Amino acid sequence: MSGWQGGVRWIYAFTDEEALARFAETRGVGAGAREWEYLSILGARLVDAVIPTVDGPTGVAVDVADEDASMLFPPVVGIVPDAYAVDADADRVEAV
């Protein structure tokens, strides 16, 4: 499941089933309304194996329904593989 914002595809990820349930509630899907299938994988695998398969800039949005606990991992060097980072070609200032 993903969404678009600011030219970036954001893959929705959740830290546990309760966080996924809160997200479902915000989407108007009440408890027990339908079953949601999900895949449980390590975050590193999501970043290293899934993001390279998606066309265009892609980041990860974690627990997006939790105002105080949500996290965004944008498609930049140090977060996603360099080949898929939007800032990989930017000039970098190196410390001397």
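Structural data are supplied above this passage.
Cut-off values and rules
Residues numbered from 1 in each chain as written. Predicted model: local features only at pLDDT ≥ 70, side-chain atom pairs only at ≥ 80, totals over all residues. Heavy atoms only, no water. Pairing = 2+ DSSP bridges. Helix = DSSP H or I, 4+ residues; strand = E, 2+ residues; numbered from the N terminus. Axes fitted to C-alpha atoms, helices over the stretch in contact; angles between N-to-C directions. Patch = residues over 30% accessible without salt bridge, like charges linked within 9 Å, V, L, I, M, F, W, Y side chains within 5 Å. Areas by Shrake-Rupley, 256 points an atom, 1.4 Å probe, with all protein chains shown as cover. Salt bridge = Lys/Arg side-chain N within 4 Å of Asp/Glu carboxyl O. Buried < 20%, exposed > 50% of the residue type's maximum accessible area, 1.4 Å probe, protein only.

As summarised here, the arrangement of the four strands in space is β1-β2-β3-β4, forming an open sheet in which the pairing is mixed. The open sheet has two free edges, formed respectively by β1 (2-5) and β4 (71-73), since each of these has just one partner strand. With direction set aside, neighbouring strand axes in the sheet form an average angle of 30°. Of the strand pairs in this sheet, strand β3 (residues 58-62) and β4 are connected by three bridges, and their pairing is antiparallel. For V60, the partnering residue across the bridge sits in β4 and is F73.

On the surface, M71, F73 and I79 cluster together into a nonpolar patch covering about 220 Å² of accessible area. Mapped onto the fold, M71 is located in strand β4. According to the relative accessible area criterion, M71 is partly exposed, its value standing at 37%.

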